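Secondary and tertiary structure notes
Residue strings, one per chain:
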Amino acid sequence: MVNSDAYDIVVLGAGSGGYACALRAAELGRRVALVERDESLGGTCLNRGCIPTKALLHAAEVADQTREAAAFGVRATYDGIDMPAVDAYKDKVVSTTVKGLTGLIKSRGIDVVRGTGALTGPTTVRVDGPDGVRELTGEHIVLGTGSAPRSLPGLDIDGERVISSDHALRLGRVPGSVVVLGGGVIGVEFASVWRSFGAEVTIVEALPHLLPLEEPSSSKRLERAFRKRGIKFHLGTKFVEAKTTQGGVSVVLADDTVLDAELLLVAVGRGPVSDGIGLEAAGVATERGFVVVDELCRTNVPTISAVGDLVATPQLAHVGFAEGILVAERLAGLNPAPIDYDGVPRITYSDPEVASVGITTETARARGHQVTEVTYDLAGNPRSKILGTQGEVKVIAAAGGPVLGIHMVGARVGELIAEGQLIYNWEALPSEVASLIHPHPTQSEAIGEAHLALAGKPLHVHG
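Residues numbered from 1 in each chain as written. Predicted model: local features only at pLDDT ≥ 70, side-chain atom pairs only at ≥ 80, totals over all residues. Heavy atoms only, no water.

1. Topic: the overall build of the protein
What the protein contains, in helices and strands, is 14 helices and 24 strands. Reported as C-alpha extents along the three principal axes, the dimensions of the protein are approximately 75 × 60 × 45 Å. In the protein, of all internal contacts separated by at least 6 residues, the share reaching a separation of at least 24 is 62%. Carbon and sulfur atoms form 52% of the exposed surface of the protein, whose accessible area is close to 21300 Å². Here the protein contributes 42 positive and 55 negative side-chain charges, whose respective centroids are spaced 3 Å apart. (Helix = DSSP H or I, 4+ residues; strand = E, 2+ residues; numbered from the N terminus. Contact = heavy atoms within 4.5 Å. Areas by Shrake-Rupley, 256 points an atom, 1.4 Å probe, with all protein chains shown as cover. Lys, Arg positive; Asp, Glu negative; His and termini not counted. Charge placed at Lys NZ, Arg CZ, Asp CG, Glu CD.)

2. Thoughts on the sheet that holds strand β11 (residues 232–235)
The five strands lie next to each other as β8-β15-β9-β10-β11, forming an open sheet whose pairing is parallel. Since the sheet does not close on itself, it has two edges, and those belong to β8 (162–163) and β11, each with one partner. Where β8 meets strand β15 (residues 263–266), two bridges bridge the pair, whose relative direction is parallel. Opposite Val162, over in β15, you have Leu264 as the bridge partner. Where helix α6 (residues 185–196) meets the sheet, it contacts β8, β9 (177–181), β10 (200–205) and β15, and its direction lies at approximately 165° from that of β10. (Pairing = 2+ DSSP bridges. Axes fitted to C-alpha atoms, helices over the stretch in contact; angles between N-to-C directions.)

3. Structural notes on empty space enclosed by the protein
Counting across every chain of the model gives two cavities of 30 Å³ or more. The volume enclosed by the largest cavity comes to roughly 40 Å³. Along its surface, the largest cavity is lined by Leu56, Met83, Ala168, Arg173, Phe190, Val193, Trp194 and Phe197. In terms of residue count, the dominant contributor to the lining of the largest cavity is α6 (three residues). Here the residues of the lining of the largest cavity sort into seven nonpolar, no polar and one charged. If you go around the second largest cavity, the residues you meet are Pro149, Arg150, Ser165, Ile186, Val266, Ala267 and Gly269. (1 Å grid on protein atoms, 1.4 Å probe; cavity = no way out; pocket = protein on both sides within 12 Å on 5 of 7 lines; lining within 4 Å. Points joined across faces, edges and corners; volume = space filled by probe spheres on them. Nonpolar A, V, L, I, M, F, W, Y, C, P; charged D, E, K, R; others polar.)

4. Description of the pattern of salt bridges
Using the criterion set out here, one finds 20 salt bridges in the structure. Asp294 is the salt-bridge partner of Arg298, the closest N and O atoms lying 2.7 Å from each other. Residue class for Asp294 comes out partly exposed when judged on its relative accessible area of 28%. Taken together, the salt bridges that share partners define one network made up of Arg24, Glu27 and Glu329. (Salt bridge = Lys/Arg side-chain N within 4 Å of Asp/Glu carboxyl O. Buried < 20%, exposed > 50% of the residue type's maximum accessible area, 1.4 Å probe, protein only.)

5. Regarding the layout of surface pockets
Which parts of space are left empty comes out when a probe the size of a water molecule is rolled across the atoms. Roughly 1200 Å³ of volume is contained in the second largest pocket. Taken together, 35 residues make up the lining of the second largest pocket; nearest its centre are Glu68, Asp351, Gly388, Thr389 and Ala411. Mapped by element, the contributors of at least two residues to the lining of the second largest pocket are α3 (50–67), α6, α7 (216–229) and α11 (382–387). For the lining of the second largest pocket, the leading source of residues is α3, giving eight residues.

6. Observations regarding the sheet that holds strand β14 (residues 258–261)
Strands belonging to one sheet form pairs held by backbone hydrogen bonds; the direction of such a pair is parallel or antiparallel. The three strands are arranged β12-β13-β14 in an open sheet whose pairing can be described as antiparallel. With one partner strand each, in any of the chains shown, β12 (239–244) and β14 form the two edges of the open sheet. Across the sheet, the mean angle from the axis of one strand to that of its neighbour is 20°, orientation sign disregarded. The sheet contact formed by β12 and strand β13 (residues 249–253) spans five bridges and is antiparallel. Of the residues in β13, the one forming a bridge with Lys243 is Ser250.

7. Some points on helix α9 (residues 317–331)
Taking 1.5 Å per residue, 15 residues should reach 21 Å; α9 reaches 21 Å between its end C-alpha atoms and fits that length. Of the residues making up α9, those classed as buried are Ala317, Val319, Gly320, Glu323, Gly324, Leu326, Val327, Ala328, Glu329 and Arg330. Count one or two residues on from α9 and you reach Gly333, which has phi positive near 80°. (Expected span 1.5 Å × (residues − 1).)

8. Details of the packing of α3 against helix α4 (residues 83–107)
Two numbers describe how α3 lies on α4: the axes approach to 9 Å, and their chain directions differ by 135°. As far as their axial angle goes, α4 and α3 are oblique. When you trace α3 past α4, the crossing you get is right-handed. Taken together, the residues of α4 that come into contact with α3 (itself represented by Ile51, Pro52, Ala55, Leu56, His58 and Ala59) are Met83, Val86, Asp87, Tyr89, Lys90, Val93 and Val94. For the contact of α3 with α4, the class distribution of residues is ten nonpolar, one polar and two charged. (Parallel < 35°, antiparallel > 145°, perpendicular 65-115°, else oblique. Left-handed = near helix turned anticlockwise from the far one by under 90°.)

9. Overview of the environment of Pro382
With respect to the helices and strands, the residue Pro382 is situated in helix α11. Distance from Pro382 to Ala446, taken between C-alpha atoms, is 9.7 Å for residues 64 residues apart in sequence.

10. Description of the packing of aromatic side chains
Under the definition given, this model contains two aromatic pairs. Arranged with centres 5.4 Å apart and planes meeting at 40°, the rings of Phe190 and Trp194 form a pair that is tilted. Taken together, the residues span about one helical turn, with Phe190 and Trp194 both in helix α6 at a distance of four residues. Here Arg67 stacks its cationic end above the ring of Tyr78, 4.2 Å away from the centre of that ring. (Phe/Tyr/Trp six-rings, centres within 6.5 Å; stacked < 30°, edge-to-face > 60°. Lys NZ or Arg CZ within 6 Å of the ring centre and 35° of its normal.)

11. Some words on the nonpolar core
Val180, Trp194, Ile203, Phe226 and Leu265 are the most contacted members of the largest nonpolar core, which totals 32 residues. Looking at this core, the elements with two or more residues in it are α3, α4, α5 (165–169), β9, α6, β10, α7 and β15. Among the elements that take part in this core, α6 stands out by supplying five residues, more than any other. Setting aside residues up to four positions removed in sequence, Trp194 forms contacts with Ile163, Ala168, Leu171, Pro175, Val178, Val180, Ala199, Val201 and Leu265. Tyr19, Val32, Leu41 and Leu296 belong to the second largest nonpolar core, which has 25 residues in total. (Core = buried A, V, L, I, M, F, W, Y, C linked by side-chain atoms within 4.5 Å.)

12. Here we look at the pairing of β14
Only one face of β14 is covered, namely the one carrying Leu259 and Ala261; the face carrying Val258 and Asp260 has none of its residues buried. Across four bridges, β13 lies against β14 in antiparallel orientation. Along β14, the bridge assignment pairs Val251 with Leu259. Here β13 hands over to β14 after four residues, with Asp256 in that stretch at a positive phi of 75°.

13. Details of the side chain of Asn47
Mapping Asn47 onto the fold places it in helix α2 (residues 43–48). Engagement of the side chain of Asn47 in a polar contact is seen with the backbone oxygen of Gly43, the distance being 3.0 Å. In contact with Asn47, other than residues within four places in its own chain, are Ser40, Leu41, Gly42, Pro52, Val94 and Val98. (Polar contact = N/O pair within 3.5 Å; in protein donor to acceptor, adjacent residues only side chain to side chain.)

Take a look at the structure:
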């Protein structure tokens, strides 16, 4: 008699990494159980991250375009933000995407087990669900429990005056003023949304620049654009404390600056959801809360792998997808290659957008490269003029060698980074890219122009 709770693979967590692993494993003929405690599949990205946030950012773009319509000869009136209607649009995008994912998972014959799962051993998972307790057995267990918003010591997120990104997505109104603690991707994107919606926004970042992991020239371009938009920021200054007031919250910084606002958004990063999932019971090694894995996402326990935000790799949904697929293919004996995390595209969907792939100039030099670089200003790109955007494309290459990094700022540049990914990952020489013909007029020509200049034959830029 077959035990219905015995599987080839049990995946704990139906976020980007977990469901990608489940889908690929099922495609490869494995019997898969996918355990999820939330009502909706898709994890943080689909329900509380990438998708709803980008829907808000698109609504913000429409608001800005409406305000600026006269500059393009279009008569339009901006009457404000109907936040319930914006939320309805956002929620529809999420719900239809969830419905599509749920149908896809069902079509692959994957068993979705609702409830909170935890390891009870190297091949067993206990699930406490609405229908009671189930014990699942898998020849292999894949952990993909994701991440949750972090805070700072002594800073309590109350969900009312001091909020996380989860609360921000459910706010239901446009705040009059916000202090955003953290100038990384999450903080910058929410600052951009709220400013477009009419809020007064101030960002506090302890490091010297917004988006501190990006090429410094990209960060400076973003800061210049934000300054022009009226977004304020305090850089290189640490947070000290926050006090609730009659009107909201008062934020004190290390340089004695006091910022008063209706809300404080805590956007200081996300931490792995590793507590309570039975890691100790199964003997899985951790470091700073992250599950420790090798280049093929294997833990120290041979029957357990881990993917996504639970491991200390870039916290990006597409990284989770890639890791989930890698694990499924490894378990099927397909011998997948390790992921080059430098070659993963990174996008901040603010206005303007910031996109990059590869490494920065500083990192390249630290790795011993002699670096050549070119910056192409979007002021010379006709399509960028049509869109009314400012920004740049910066390309970094090893002297006499391949492209090491592509860094872009401007409207819609996130759509260009896929080409940058190919250039970096295929170790293209600037001369090879320079020989490609980019369609005119497009912003992609900026990538071509930068490589022409690096190859020693600049066309529309000074050599």
